[in-house]
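# Observations on the three-dimensional arrangement
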Protein chains: 2
Amino acid sequence: MATESAQPKEQIVDPWTAKAGEGEKKINYDKLIVQFGSERIDESLLQRIETLSKKPAHHFLRRGIFFSHRDVPDILNAYEQNKPFFLYTGRGPSSESMHLGHLIPFLFTKYLQDVFDVPLVIQMTDDEKFMWRDLGLEEAHRLAYENAKDIIACGFDVNKTFIFSNLDYMSCCPSFYRNVLRIQKCVTCNQAKGIFGFQDTDSIGKMAFPAVQAAPSFSTTFPDIFGDNKDVRCLIPCAIDQDPYFRMTRDVAPRLGYHKPALLHSTFFPALQGPQSKMSASDPTSSIFLTDTPKEIEQKINKYAFSGGCDTKEEHEKHGGNTDADVSYQYLTFFMEDDERLAEIKKNYESGKLLTGQLKKELIGVLQKLVGDHQARRAEVTMDVVKQFMTPRPLNFKLSA
Amino acid sequence: MATESAQPKEQIVDPWTAKAGEGEKKINYDKLIVQFGSERIDESLLQRIETLSKKPAHHFLRRGIFFSHRDVPDILNAYEQNKPFFLYTGRGPSSESMHLGHLIPFLFTKYLQDVFDVPLVIQMTDDEKFMWRDLGLEEAHRLAYENAKDIIACGFDVNKTFIFSNLDYMSCCPSFYRNVLRIQKCVTCNQAKGIFGFQDTDSIGKMAFPAVQAAPSFSTTFPDIFGDNKDVRCLIPCAIDQDPYFRMTRDVAPRLGYHKPALLHSTFFPALQGPQSKMSASDPTSSIFLTDTPKEIEQKINKYAFSGGCDTKEEHEKHGGNTDADVSYQYLTFFMEDDERLAEIKKNYESGKLLTGQLKKELIGVLQKLVGDHQARRAEVTMDVVKQFMTPRPLNFKLSA
């Protein structure tokens, strides 16, 4: 992981690593768009989303947190023509409690589900976590259910959302294994090595897994929802480190008679130590967990959140703070919805009027409420509710006539 | 396949190829034992099998058709101590109708089930055939059911036999995918390349598959039969070309807390053209199919069966025939159960008293009866019977106290 070793010469972004290049303070997302061959979300796409959804764009879009995409116009065209599409996102359940960074794709996916009123499938890759980590299968499976509670607490509509553990779903849905095999047949080891950086010293399970993450991009993986309709487009909101899986999927899709899945990519949620790496559950000092108490949140922000302010009050008042580098300010761009208030904070911090301690206090308040509300909602999520979400079943949505 | 191209310099035997080396008339099985590191089935092992089973050894054992093994004494020790073991064999359903060669492991497995009274699992690798061949998934799945009829017609005890299609069983049994993942985590791409000769140009599905063939060696893959008991040993009767899968399995087994599976290896059933290659369903002129009519059997043997006799009657009567090279005689060693009659034929053919035409006529009679009886039994195998065999369920056997 990024926080565990030195910075590499060139930035590295793949499903297992997110590190800024040597001498860089943060991941260079412009470079990433060029490197991955995706497209920037520009003003006109943003406006089209607003027009079609008849709602203001989510602040993640307005603020460039979701910054890159593939083929989103195709999804919007389909939507405009009353053709159905579905959302697909996922989570690798590697730790008991999720952190703030894990929330990002889910908060955004909930917005998409709300404004477009479409079905959503959420893959819990317990099989992947078993394969990559020093973790037993049953423990990974248990974590999938624990993490599902946090995901459900984001407020998804049970009538439009199917959450599944790979271990469960592979063992009950014939279409899943079939689509995995179809994808595996189309991808050579050479290609997988090129896309994911696998080595011959890696396990054959790692080599096989990308097809498992690819399969839910195809509607027939969910016969209870879509029957055998291959014509339902898929839109995947995810952090940009997951893009390699879907580059592979998009390469395979036409050969199997599917539309290429469309994507919406987010930046990473920065570690407390700064935006040169992402928040990581395996380094507790880098993360605010969804289980943290108000006190812990306060302490972590005060102790660890990298400051873009000057060393002394005098200097800060003179030169002002750097909001680009300041983790507390960055976190506010994720979680403070009020644009005006945020602009005011930025102005005052950069001018030196607002001190780091005051900025941190502002953030602490926002996070304590966010995490507290989340905890209250999660406490309502019983195992019965989890089972409802995780039972394969028809979802409530309109297929076009 | 062996019959499709020239002979290689060194003999090649792996799950996809069986070819004698340059200038060799047949596969050198002695060399194979050394190469694979297995053990020859010797007289003392044969006698021990007879003693414990309280029956004469099957003629496949007496005649060296099953010639090699791994750890069979461990199975016999367990049996002697009233500890349970189970049989595992399989079939890749690549063609509508099976040929004589395909029968060999099943006829032998039935003998083992009869004399040791143990449960048996039979894997139909429809997923493998999809991955390796130009074959659709549903076609491979259908062939699995068609081939299951032929297997059932060998006379297995429905109360002690579970036949499963991988496509079906992966999608209904949680333990199967779990054991596949556990095995995949233990095997590197390097190892799979070394064992199976995979290249980077091969699909990731090929790289992944060996774990699917390995998993049924572990009793917990069948919770309906063995619960979560990891202590049930597995004995695998198979043609020796399948050994690479189980070398890999034996390497992994102790790391996962299982006994290494034991093996009984058969030689190949020779092609009509001679024992330098094996009978192959993809070359119809090399094979007698279980669907052939009496007339077709007669014509194929007369037309294609390679003769070890001399070119003219006079020469044959003078020099005699070569039973080592003669395919018709070889086939009789597989299917003529009467030892005395076979010895007489050998003597008379080698002395030149029995002509090739007469030998072929003898074989034609044996095969017409064998195939005719098989067809009659297969006609009785309804889809209801197939479903009985292919439903996951407890089997009737005693676990030790």
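Residues numbered from 1 in each chain as written. Chains lettered and ligands numbered in written order. Predicted model: local features only at pLDDT ≥ 70, side-chain atom pairs only at ≥ 80, totals over all residues. Heavy atoms only, no water.

A separate point is the sheet that holds strand β7 (residues 161-165) of chain A. The strands that make up a sheet pair up through hydrogen bonds in the backbone, lying either parallel or antiparallel. Residues and elements named next belong to chain A. The strand order across the open sheet built from seven strands is β3-β4-β9-β8-β5-β6-β7, with neighbouring strands paired in mixed fashion. Either end of the sheet is taken by a strand with one partner, and the two such strands are β3 (39-40) and β7. Two strands pair when backbone bridges link them, and strand β5 (residues 85-91) and strand β6 (residues 120-124) are joined in this way by five bridges, in the parallel orientation. Following the sheet pairing, Arg-91 is matched in β6 by Met-124. On top of the sheet, helix α7 (residues 137-152) reaches β5, β6 and β7; it is set at about 160° to β7, its chief contact. (Pairing = 2+ DSSP bridges. Helix = DSSP H or I, 4+ residues; strand = E, 2+ residues; numbered from the N terminus. Contact = heavy atoms within 4.5 Å. Axes fitted to C-alpha atoms, helices over the stretch in contact; angles between N-to-C directions.)

Next up on the list: helix α4 (residues 72-80) of chain B. Residue and element names in this part refer to chain B. Here α4 has its buried residues at Val-72, Ile-75, Leu-76 and Ala-78. Buried residues of α4, viewed axially, fall in a sector of 160°; they line one side. Close packing links the buried residues of α4 with α2 (43-53), β4 (66-70), β5 (85-91), α5 (100-116), β8 (233-239) and β9 (262-266). Trailing α4 by a residue or two, Asn-82 shows a phi angle of about 65°, which is positive. (Buried < 20%, exposed > 50% of the residue type's maximum accessible area, 1.4 Å probe, protein only. Arc of directions from axis to C-beta.)

Residue and element names in this part refer to chain A. Relative orientation of the contacting elements helix α17 (residues 327-335) and helix α18 (residues 339-351) amounts to 165°, with a least axis distance of 10 Å. Put simply, α17 runs roughly antiparallel to α18. For the pair α17 and α18, the sense of crossing is left-handed. Here Tyr-329, Leu-332 and Thr-333 of α17 come into contact with α18, specifically with Leu-342, Ile-345 and Lys-346. Considered class by class, the residues forming the contact of α17 with α18 number four nonpolar, one polar and one charged. (Parallel < 35°, antiparallel > 145°, perpendicular 65-115°, else oblique. Left-handed = near helix turned anticlockwise from the far one by under 90°. Nonpolar A, V, L, I, M, F, W, Y, C, P; charged D, E, K, R; others polar.)

An α-helical turn contains 3.6 residues, so any two residues separated by three or four positions project in the same direction. With 13 residues, helix α9 (residues 174-186) of chain B extends 19 Å between its outermost C-alpha atoms, agreeing within 8% with the 18 Å of an ideal straight helix rising 1.5 Å per residue. Inspection of α9 of chain B places Ser-175, Phe-176, Tyr-177, Arg-178, Asn-179, Val-180, Leu-181, Ile-183, Gln-184 and Cys-186 of chain B among the buried residues, and these make up the whole buried set. (Expected span 1.5 Å × (residues − 1).)

The next point concerns the sheet that holds β4 of chain B. Residue and element names in this part refer to chain B. Taken in spatial order, the seven strands of this open sheet run β3-β4-β9-β8-β5-β6-β7, and their pairing is mixed. On the outer flanks of this sheet lie β3 (39-40) and β7 (161-165), each paired with one strand and no other. Pairing of β8 with β9, which is carried by five bridges, proceeds in the parallel orientation. Residue pairing for β9: Ala-239 is matched across the bridge by Ser-266. Across the sheet, α5 is in contact with β4, β5, β6 (120-124), β7, β8 and β9; its angle to β5 comes to roughly 165°.

All names here are of chain A. Residue placement: Leu-359 occurs in helix α19 (residues 356-380). The exposure class of Leu-359 is buried, given its relative accessible area of 0%. Distance from Leu-359 to Thr-89, taken between C-alpha atoms, is 33 Å for residues 270 residues apart in sequence. Here Leu-359 is in contact with Asp-326, Ser-328, Tyr-329, Leu-332, Ile-345, Tyr-349 and Leu-354, once residues within four sequence places are set aside.

Residue and element names in this part refer to chain A. Domain boundaries assigned for chain A yield domain 1 (12-271) and domain 2 (281-379). Of note, the centres of domain 1 and domain 2, computed from C-alpha atoms alone, are 28 Å apart. At the junction of the two partners, domain 1 supplies 24 residues and domain 2 supplies 26 residues. Between domain 1 and domain 2 we count four salt bridges in total. Across the pair Glu-146 and Arg-378 runs a salt bridge whose closest N-O atoms are separated by 3.1 Å. Linking domain 1 to domain 2 there are 14 residue pairs in polar contact (both at pLDDT 80 or more). Elements with a minimum of two residues in the side of domain 1 that touches domain 2: α3 (59-62), α5 (100-116), α7 and β10 (270-271). It is α5 that provides the largest number of residues to the side of domain 1 that touches domain 2, a total of five residues. Tallied by class, the residues present in the side of domain 1 that touches domain 2 amount to 12 nonpolar, six polar and six charged. (Domains from an automatic or database assignment. Salt bridge = Lys/Arg side-chain N within 4 Å of Asp/Glu carboxyl O. Polar contact = N/O pair within 3.5 Å; in protein donor to acceptor, adjacent residues only side chain to side chain.)

This part is about the relation of the copies chain A and chain B. Put simply, the two copies of the chain differ by a rotation about an axis and a shift along that axis. With an RMSD of 0.0 Å, chain A superimposes on chain B once it is rotated by 180° and translated 0.0 Å along the axis. Here the copies are linked by what is in effect a two-fold axis. Taking the C-alpha atom as reference, chain A places Ser-171 of chain A closest to the rotation axis, 2.1 Å from it. Comparing interface residues between copies, 100% of those in chain A also lie at the interface in chain B; the contact surface is shared. (Least-squares fit on C-alpha atoms with pLDDT ≥ 70 in both.)

Take the packing of aromatic side chains next. Following the criterion strictly, the structure yields 74 aromatic pairs over all chains and no others. Here the aromatic rings of Tyr-88 of chain A and Phe-246 of chain A are separated by 5.9 Å at their centres, their planes lie at 90°, and the arrangement is edge-to-face. With a gap of 158 residues between them, Tyr-88 of chain A in strand β5 and Phe-246 of chain A in helix α14 (residues 243-252) connect regions that are remote in the sequence. Phe-246 of chain A gets classed as buried once you look at its relative accessible area, which sits at 2%. An angle of 15° between the planes, with centres 5.1 Å apart, marks the rings of Trp-16 of chain B and Trp-132 of chain B as stacked. In this pair, Trp-16 of chain B sits in the loop between β1 (12-14) and β2 (17-19) while Trp-132 of chain B sits in helix α6 (residues 126-132), placing the two residues 116 residues apart along the sequence. As far as burial versus exposure is concerned, Trp-16 of chain B and Trp-132 of chain B are alike and both buried. One aromatic cluster is present, built from ring pairs that chain together Trp-16, Tyr-88, Trp-132, Phe-196, Phe-198, Phe-209, Tyr-245 and Phe-246 of chain A. (Phe/Tyr/Trp six-rings, centres within 6.5 Å; stacked < 30°, edge-to-face > 60°.)

This part covers the interface of chain A and chain B. Taken residue by residue, the interface counts 38 residues in chain A and 38 residues in chain B. Across the contact surface, chain A and chain B share 22 residue pairs in polar contact (both at pLDDT 80 or more). Per element, the largest residue contribution to the side of chain A that touches chain B is seven residues, and it comes from helix α9 (residues 174-186) of chain A. For the side of chain A that touches chain B, the class distribution of residues is 19 nonpolar, 10 polar and nine charged.

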